[in-house]
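# Structural overview for review
Each chain, written out:
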Amino acid sequence: MLAAAGYPHLDHHRARHQSFCDYVAHAVEVEGAIDHGALLSYLVDWWVGHIAAEDKLYRSSLTGKEAMIAKAFQSDDELDRGAA
Ligand SMILES: [Fe+2]
């Protein structure tokens, strides 16, 4: 959706998500040495700091672009039927 809407901070947002995935993957890989308190703190920060705050920043970039976004998610078959 963000790419379809031309969100100007998409690269940064993708990097934030990749950082989250890397952290969690590392935490799972070293399960024996996992610091549960640190992991919980990180996840709380992610949920509060990212999902509840950063994810709201792109809302204005999506508003009014619903048709553009829907078109980006249409399959080739749906596009062919629309052209017929
Ligand atoms: Fe996000």
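Okay, so let's go over this structure. (Residues numbered from 1 in each chain as written. Predicted model: local features only at pLDDT ≥ 70, side-chain atom pairs only at ≥ 80, totals over all residues.)

### Re the overall build of the protein
- The secondary structure content of the protein amounts to five helices and zero strands.
- Listing every helix and strand of the protein by position from the N terminus yields α-α-α-α-α.
- A compact globule built from 84 residues would reach a C-alpha radius of gyration of about 12 Å, whereas the protein, at 18 Å, exceeds it by more than 25%.
- Its C-alpha atoms put the protein at 60 × 25 × 15 Å along the principal axes.
- Considering the protein as a whole, with its 84 residues, one finds that 0% of them fall into the buried category. (Helix = DSSP H or I, 4+ residues; strand = E, 2+ residues; numbered from the N terminus. Rg over C-alpha atoms; globule rule 2.2 N^0.38 Å. Buried ≥ 20, exposed ≤ 12 C-beta atoms within 10 Å, placed from the backbone.)

### As for helix H2 (residues 36-51)
- Helix length check: H2 (16 residues) gives 21 Å between terminal C-alpha atoms against 22 Å at 1.5 Å per residue, within 8%.
- Little of H2 is tucked away: zero of the 16 residues are buried. (Expected span 1.5 Å × (residues − 1).)

### Thoughts on the environment of Ala 53
- By the secondary structure assignment, Ala 53 is in the loop between H2 and helix H3 (59-62).
- Once the C-alpha coordinates of Ala 53 and Asp 76 are considered, the two residues, 23 residues apart in sequence, prove to be 35 Å apart.

### Structural notes on the environment of Lys 71
- If you trace the backbone, Lys 71 turns up in helix H4 (residues 66-73).
- Lys 71 gets classed as partly exposed once you count the C-beta atoms within 10 Å, which come to 13.
- On a C-alpha basis, the gap between Lys 71 and Ala 4 in space is 8.7 Å, while along the polypeptide they are 67 residues apart.

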